[in-house]
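# Understanding the architecture of this molecule
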Amino acid sequence: MKSTATVAARVLLGLVFFGFGLNGLLHLFPLPPAQGAAALFINGLIASRYFFPLLFVIYLLTGTALVIGRFVPLALTVLAPVIVNVAAMHLFVPSSGAEIGLAALVTVLEIYLAWSYRAAYRPLLRARDELALVGALGIEENPS
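Bear in mind that the values here come from a model prediction, so they are computed numbers and not experimental data. (Residues numbered from 1 in each chain as written. Predicted model: local features only at pLDDT ≥ 70, side-chain atom pairs only at ≥ 80, totals over all residues. Heavy atoms only, no water.)

### Section: the packing of aromatic side chains
Going through the model one piece at a time under the given rule, you end up with five aromatic pairs. Arranged with centres 4.9 Å apart and planes meeting at 75°, the rings of Phe17 and Tyr59 form a pair that is edge-to-face. Taken as a pair, Phe17 in helix α1 (residues 4-26) and Tyr59 in helix α3 (residues 51-68) lie far apart in primary sequence, 42 residues in all. According to the relative accessible area criterion, Tyr59 is buried, its value standing at 9%. Summarising the aromatic geometry, the rings of Phe51 and Phe52 are spaced 5.3 Å apart at their centres and angled 85° between planes, so their arrangement reads as edge-to-face. (Phe/Tyr/Trp six-rings, centres within 6.5 Å; stacked < 30°, edge-to-face > 60°. Helix = DSSP H or I, 4+ residues; strand = E, 2+ residues; numbered from the N terminus. Buried < 20%, exposed > 50% of the residue type's maximum accessible area, 1.4 Å probe, protein only.)

Okay, structure coming up:
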């Protein structure tokens, strides 16, 4: 059973990404135009024609997963590199205080949730692959 804080953080992070994904696909609310170096970067991504639709679908799917509480470790894993990029961009490219604040909030929520679900990541962080070791030693996995 997860704590109330964990559920609140999961739902809040999910709503942020669900909202941005829905807005990105349906253009419900206009976003302010990017300025300077951020505009160059974003215009390059727009020129690719596939990047933002794919990104917004990922936002929508992962946001939904977080809100309903299904596949949470997978959603957090998929969002981690996205959040790193968002945080890095707002850290190194001049941004408004609101953008920096939202990037910081999303980063903190992601780290908190990754820690809360750390048991799900233990198998991924093993230094040795037990199955490969068992195979190399010629030991049967399921002896009859």
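Resuming the write-up.
### Concerning the layout of surface pockets
Rolled over the atoms, a probe with the dimensions of a water molecule shows which regions are left empty. Put simply, the largest pocket is a space of about 1400 Å³. Lining the largest pocket are 42 residues, and of these Leu31, Ile42, Phe52, Phe56 and Met89 lie nearest its centre. It is helix α2 (residues 36-47) that provides the largest number of residues to the lining of the largest pocket, a total of seven residues. Here the residues of the lining of the largest pocket are counted per class, giving 31 nonpolar, nine polar and two charged. (1 Å grid on protein atoms, 1.4 Å probe; cavity = no way out; pocket = protein on both sides within 12 Å on 5 of 7 lines; lining within 4 Å. Points joined across faces, edges and corners; volume = space filled by probe spheres on them. Nonpolar A, V, L, I, M, F, W, Y, C, P; charged D, E, K, R; others polar.)

### Some thoughts on the side chain of Arg10
Along the chain, Arg10 turns up in helix α1. An unpaired buried charge is present at Arg10: no salt bridge exists, and Glu110, the closest side chain of opposite charge, is 12 Å distant. Polar side-chain contacts of Arg10 include one of 2.4 Å to the backbone oxygen of Leu66. Among all residues touching Arg10, those that are not within four sequence positions of it are Leu66, Val67, Ile68, Gly69, Val72, Leu113 and Tyr117. (Lys, Arg positive; Asp, Glu negative; His and termini not counted. Salt bridge = Lys/Arg side-chain N within 4 Å of Asp/Glu carboxyl O. Polar contact = N/O pair within 3.5 Å; in protein donor to acceptor, adjacent residues only side chain to side chain. Contact = heavy atoms within 4.5 Å.)

### Let's talk about a nonpolar patch on the surface
There is a patch of nonpolar side chains on the surface, built from Leu25, Leu26, Leu28, Phe29, Val57 and Leu61 and spanning about 590 Å² of accessible area. Only α1 and α3 provide two or more residues apiece to the nonpolar patch. (Patch = residues over 30% accessible without salt bridge, like charges linked within 9 Å, V, L, I, M, F, W, Y side chains within 5 Å. Areas by Shrake-Rupley, 256 points an atom, 1.4 Å probe, with all protein chains shown as cover.)

### Brief notes about the packing of α3 against helix α4 (residues 72-92)
Interhelical geometry of α3 versus α4 gives an angle of 135° and a closest axis separation of 9 Å. Relative to α4, α3 is oriented oblique. In this structure, α3 crosses over α4, and the sense of that crossing is left-handed. The residues of α4 that touch α3, namely those facing Leu55, Ile58, Tyr59, Thr62, Ala65 and Leu66, are Val72, Ala75, Leu76, Val78, Leu79, Val82 and Val86. Taken together, the residues of the contact of α3 with α4 break down into twelve nonpolar, one polar and no charged. (Axes fitted to C-alpha atoms, helices over the stretch in contact; angles between N-to-C directions. Parallel < 35°, antiparallel > 145°, perpendicular 65-115°, else oblique. Left-handed = near helix turned anticlockwise from the far one by under 90°.)

### Digging into the side chain of Ser116
Relative to the helices and strands, Ser116 resides in helix α5 (residues 97-116). For Ser116, a relative accessible area of 16% puts it in the buried group.

### What about the nonpolar core?
In this structure, Leu13, Phe17, Leu66 and Leu76 are the most contacted members of the largest nonpolar core, which totals 21 residues. Among all residues touching Leu76, those that are not within four sequence positions of it are Leu13, Leu66, Glu110, Leu113, Ala114, Tyr117 and Tyr121. (Core = buried A, V, L, I, M, F, W, Y, C linked by side-chain atoms within 4.5 Å.)

### Topic: α4
For an α-helix, 3.6 residues make a turn, and residues three or four places apart therefore share a direction. Helix length check: α4 (21 residues) gives 29 Å between terminal C-alpha atoms against 30 Å at 1.5 Å per residue, within 8%. A maximum bend of about 35° is found in α4 at Ala80, where proline Pro81 lies one to four positions downstream. Every buried residue belonging to α4 is among Val72, Ala75, Leu76, Leu79, Val82, Ile83, Met89 and His90, and all of these are buried. (Expected span 1.5 Å × (residues − 1). Bend = angle between axes of the 7 residues up to and from the residue.)

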